[in-house]
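A look at the structure
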Amino acid sequence: VAEQFDQWWALWTIPGTKRARGHARKAFLKALKVGTYEELCTGVTRYMEWCNASGQVPEHIKHPATWLNAESWADDLVVADPFASFR
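Summary of the structure given here. Here the structure is a predicted model, which is why all the values come from computation and not from measurement.

Counting its secondary structure elements, the chain contains four helices and zero strands. Its C-alpha atoms put the chain at 50 × 25 × 20 Å along the principal axes. Burial analysis of the chain (87 residues in total) assigns 31% to the buried set. A separation of at least 24 residues holds for 72% of the contacts in the chain among residues at least 6 apart in sequence. Approximately 5,600 Å² of the chain is accessible, and the part contributed by carbon and sulfur atoms is 56%. Across the chain, 10 positive and 10 negative side-chain charges occur, with their mean positions spaced 8 Å apart.

This is the structure we're talking about:
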């Protein structure tokens, strides 16, 4: 499980948002009781992509433990099309 956490932690790629590794490790262990390792990895990758695509500033990006505790791997993330109203 320690290796899985390290691999998951490495997927958290936005500088300035990787905080509280110990809290994240505890939340990761708790999250594995609800979701699978694959779901957590896929979810964090999707979240990092969404943060980048939507222009989220680091201050508005969830910390890893918060993201895990909120079961955010199951979130439905959509990047809004800023030109949709012009079509």
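Still more to cover.
Under the criterion given, the structure shown has twelve aromatic pairs. With 5.8 Å between their ring centres and 40° between their planes, W8 and F28 make a pair best called tilted. A residue pair is termed long-range when its members are at least 10 positions apart, and W8 in helix α1 (residues 2–10) and F28 in helix α2 (residues 21–31) qualify at 20 residues. Given a relative accessible area of 0%, W8 falls into the buried group.

Its place among the elements puts S72 in the segment after α4 (64–69). Dropping the residues within four chain positions of it, S72 is found in contact with K62 and W67.

Bringing the packing of α1 against helix α3 (residues 37–54) into the picture now. Contact geometry for α1 and α3: axes closest at 9 Å, N-to-C directions at 15°. By the angle between their axes, α1 is roughly parallel relative to α3. Once α1 is placed against α3, the crossing between them reads as right-handed. Counting all contacts with α1, which are made through Q4, Q7 and W8, the residues of α3 involved are Y37, L40, C41 and V44. Of the residues that constitute the contact of α1 with α3, the class distribution is five nonpolar, two polar and no charged.

Basis of the calculations
Residues numbered from 1 in each chain as written. Predicted model: local features only at pLDDT ≥ 70, side-chain atom pairs only at ≥ 80, totals over all residues. Heavy atoms only, no water. Helix = DSSP H or I, 4+ residues; strand = E, 2+ residues; numbered from the N terminus. Buried < 20%, exposed > 50% of the residue type's maximum accessible area, 1.4 Å probe, protein only. Contact = heavy atoms within 4.5 Å. Areas by Shrake-Rupley, 256 points an atom, 1.4 Å probe, with all protein chains shown as cover. Lys, Arg positive; Asp, Glu negative; His and termini not counted. Charge placed at Lys NZ, Arg CZ, Asp CG, Glu CD. Phe/Tyr/Trp six-rings, centres within 6.5 Å; stacked < 30°, edge-to-face > 60°. Axes fitted to C-alpha atoms, helices over the stretch in contact; angles between N-to-C directions. Parallel < 35°, antiparallel > 145°, perpendicular 65-115°, else oblique. Left-handed = near helix turned anticlockwise from the far one by under 90°. Nonpolar A, V, L, I, M, F, W, Y, C, P; charged D, E, K, R; others polar.

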